[in-house]
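Architecture at a glance
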Amino acid sequence: MKADNQIVLDSKAFAIRIIKLYKYLSEEKKEFVMSKQVLRSGTSIGANVSESIFAQSRMDFVSKMSIALKEASETKYWLELLMETEYINDTQFDSINDDIGRIIGTLVNIVNSTKSHNV
């Protein structure tokens, strides 16, 4: 199975944004708990997408992409908490939230279309 090339690029670019956000939160805002959580889940999306490229079967591919989707959903939660507790402002949140929303939509489409083609 081969992951949609765009999701590979998008999830890696998102991971880079998350790493930069983590550095900002830990160095500038001195926030260490939520920043570590968003770092873990936000970088895990791309790791699972990357792992799916060499999936052993269609089921394995769906499993990896589903895990990436769960991690994306968790990341969205942490980003919302960071915004609602004022560690990031509305502008920062809106920008990164647009990215995670696109990634979630793409992952949902990939999982659903792969499942529907399962024989």
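Now for a description of the structure that goes with this document. (Residues numbered from 1 in each chain as written. Predicted model: local features only at pLDDT ≥ 70, side-chain atom pairs only at ≥ 80, totals over all residues. Heavy atoms only, no water.)

Structural notes on the side chain of E71
- Inspection of the secondary structure assignment puts E71 in helix α3 (residues 58-84).
- When its relative accessible area of 14% is taken as the criterion, E71 is described as buried.
- Here E71 is in contact with R40, S41, S44, I45 and N48, once residues within four sequence places are set aside. (Helix = DSSP H or I, 4+ residues; strand = E, 2+ residues; numbered from the N terminus. Buried < 20%, exposed > 50% of the residue type's maximum accessible area, 1.4 Å probe, protein only. Contact = heavy atoms within 4.5 Å.)

Brief notes about the packing of helix α2 (residues 33-52) against α3
- Where α2 contacts α3, the axes come no closer than 8 Å and their chain directions differ by 160°. On the basis of their axis angle, the class for α2 and α3 is roughly antiparallel. The chirality of how α2 crosses α3 is left-handed.
- Across the contact of α2 with α3, the residue classes break down as 13 nonpolar, seven polar and five charged. (Axes fitted to C-alpha atoms, helices over the stretch in contact; angles between N-to-C directions. Parallel < 35°, antiparallel > 145°, perpendicular 65-115°, else oblique. Left-handed = near helix turned anticlockwise from the far one by under 90°. Nonpolar A, V, L, I, M, F, W, Y, C, P; charged D, E, K, R; others polar.)

Concerning α3
- Here α3 contains 27 residues, and its C-alpha end-to-end distance of 39 Å stays within 8% of the 39 Å for a straight helix at 1.5 Å per residue.
- One or two steps after α3, the chain reaches E86, where phi turns positive at roughly 65°. (Expected span 1.5 Å × (residues − 1).)

Let's talk about the side chain of D99
- Its place among the elements puts D99 in helix α4 (residues 90-116).
- Judged by its relative accessible area of 19%, D99 falls in the buried class.
- Look past the residues within four positions of D99 in its chain and what remains in contact with it is F14 and R17.

Some details on the packing of aromatic side chains
- For the structure shown, the criterion picks out one aromatic pair.
- Where Y77 meets W78, the ring centres are 5.3 Å apart and the plane angle is 70°; that geometry is what we call edge-to-face.
- For Y77, a relative accessible area of 45% corresponds to the partly exposed category. (Phe/Tyr/Trp six-rings, centres within 6.5 Å; stacked < 30°, edge-to-face > 60°.)

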